[in-house]
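# Residue-level structure breakdown
Listed below, chain by chain, are the residues.
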Amino acid sequence: MLKEFKKFLISGNVVDMAVGFIFGAAFATFVKSMVENVVMPPIGLLLGKVDFSQLFIPLDGNSYATLVALEEAGAPAIKYGAFMNDAISFVILGFVVFMFIKGYNKLKGAEEAAPATTKVCTDCAMEIPIAAKKCGHCQNTAV
């Protein structure tokens, strides 16, 4: 069982999957940073100097000036600004993955069609094996 497990771990598919997972996690961090630090600040500026990461609704009935003050008080809140940032990150990441897969499929090329294994009888139009000398449906010998 250990030999099988070792073979599984060092097989190409597992290593490729691990590299893909590590790269994916790093890329997700990159996209999240891009959204928080590059995309959202100009949007916030256009909407009246709003910092989306600081938007929240306190659930304890009190009012807090900042997200830091809310967290220091330990109050529950709906942090919809952080959710908006994460949602935009998700859409961007999804689009990038879509484009990557689309490019990969284009590079991979179209799968070659499998060779035909049947032909059509000239009399009855039924499919028969290519090697057939006589149609099994109508007994035509000129197939």
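Conventions adopted
Residues numbered from 1 in each chain as written. Predicted model: local features only at pLDDT ≥ 70, side-chain atom pairs only at ≥ 80, totals over all residues. Heavy atoms only, no water. Helix = DSSP H or I, 4+ residues; strand = E, 2+ residues; numbered from the N terminus. Rg over C-alpha atoms; globule rule 2.2 N^0.38 Å. Buried < 20%, exposed > 50% of the residue type's maximum accessible area, 1.4 Å probe, protein only. Contact = heavy atoms within 4.5 Å. Phe/Tyr/Trp six-rings, centres within 6.5 Å; stacked < 30°, edge-to-face > 60°. Expected span 1.5 Å × (residues − 1). Polar contact = N/O pair within 3.5 Å; in protein donor to acceptor, adjacent residues only side chain to side chain. pLDDT = per-residue confidence, 0-100.

## Here's the deal with the overall build of the protein
In terms of regular secondary structure, the protein is built from four helices and four strands. Secondary structure elements of the protein, listed N to C terminal, follow the sequence α-α-β-α-β-α-β-β. The C-alpha radius of gyration of the protein comes to 30 Å, more than 25% above the 15 Å expected for a compact globule of 143 residues. The principal-axis extent of the C-alpha atoms belonging to the protein is close to 90 × 50 × 30 Å. Considering the protein as a whole, with its 143 residues, one finds that 14% of them fall into the buried category. Considering only contacts in the protein between residues 6 or more positions apart, those separated by 24 or more positions represent 26%.

## Some points on the packing of aromatic side chains
Inspection of the entire model under this criterion finds two aromatic pairs. Between the aromatic rings of phenylalanine 23 and phenylalanine 27, the centroid separation amounts to 6.2 Å while the plane-to-plane angle is 20°, which identifies the pairing as stacked. Note that phenylalanine 23 and phenylalanine 27 are positioned in helix H2 (residues 12-46) at a spacing of four residues, about one turn of the helix. For phenylalanine 27, a relative accessible area of 24% gives the class partly exposed. With 6.0 Å between their ring centres and 35° between their planes, phenylalanine 27 and phenylalanine 30 make a pair best called tilted. With phenylalanine 27 and phenylalanine 30 both in helix H2, this residue pair falls three residues apart, about one helical turn. Assessed through its relative accessible area of 49%, phenylalanine 30 is described here as partly exposed.

## Here we look at helix H4 (residues 80-108)
The terminal C-alpha atoms of H4 lie 41 Å apart, and with 29 residues this matches the ideal 42 Å at 1.5 Å per residue to within 8%. Regarding H4, the residues found buried are Gly81, Asn85, Ser89 and Ile92. Count one or two residues on from H4 and you reach glycine 109, which has phi positive near 80°.

## Details of unusual backbone geometry
Backbone geometry at alanine 125 places phi at a positive 65°, although glycine is not the residue there. Relative to the helices and strands, alanine 125 is located in the loop between strand E3 (118-120) and strand E4 (127-129). For glutamine 139, which is not a glycine, the phi torsion comes out positive at approximately 65°. On the secondary structure map, glutamine 139 appears in the segment after E4.

## Digging into the side chain of asparagine 140
Mapped onto the secondary structure, asparagine 140 falls in the segment after E4. One polar contact links asparagine 140 to threonine 122, side chain to side chain, over a distance of 3.2 Å. Setting aside residues no more than four positions away along its own chain, asparagine 140 makes contact with Cys121, Thr122, Asp123, Lys133, Lys134 and Cys135.

## Focus on the confidence of the model for the protein
When the pLDDT values of the protein are averaged, the result is 83; 94% of them are 70 or greater. Least confident of the elements in the protein is helix H1 (residues 2-10), whose mean pLDDT is 77; most confident is strand E2 (residues 77-78), at 92.

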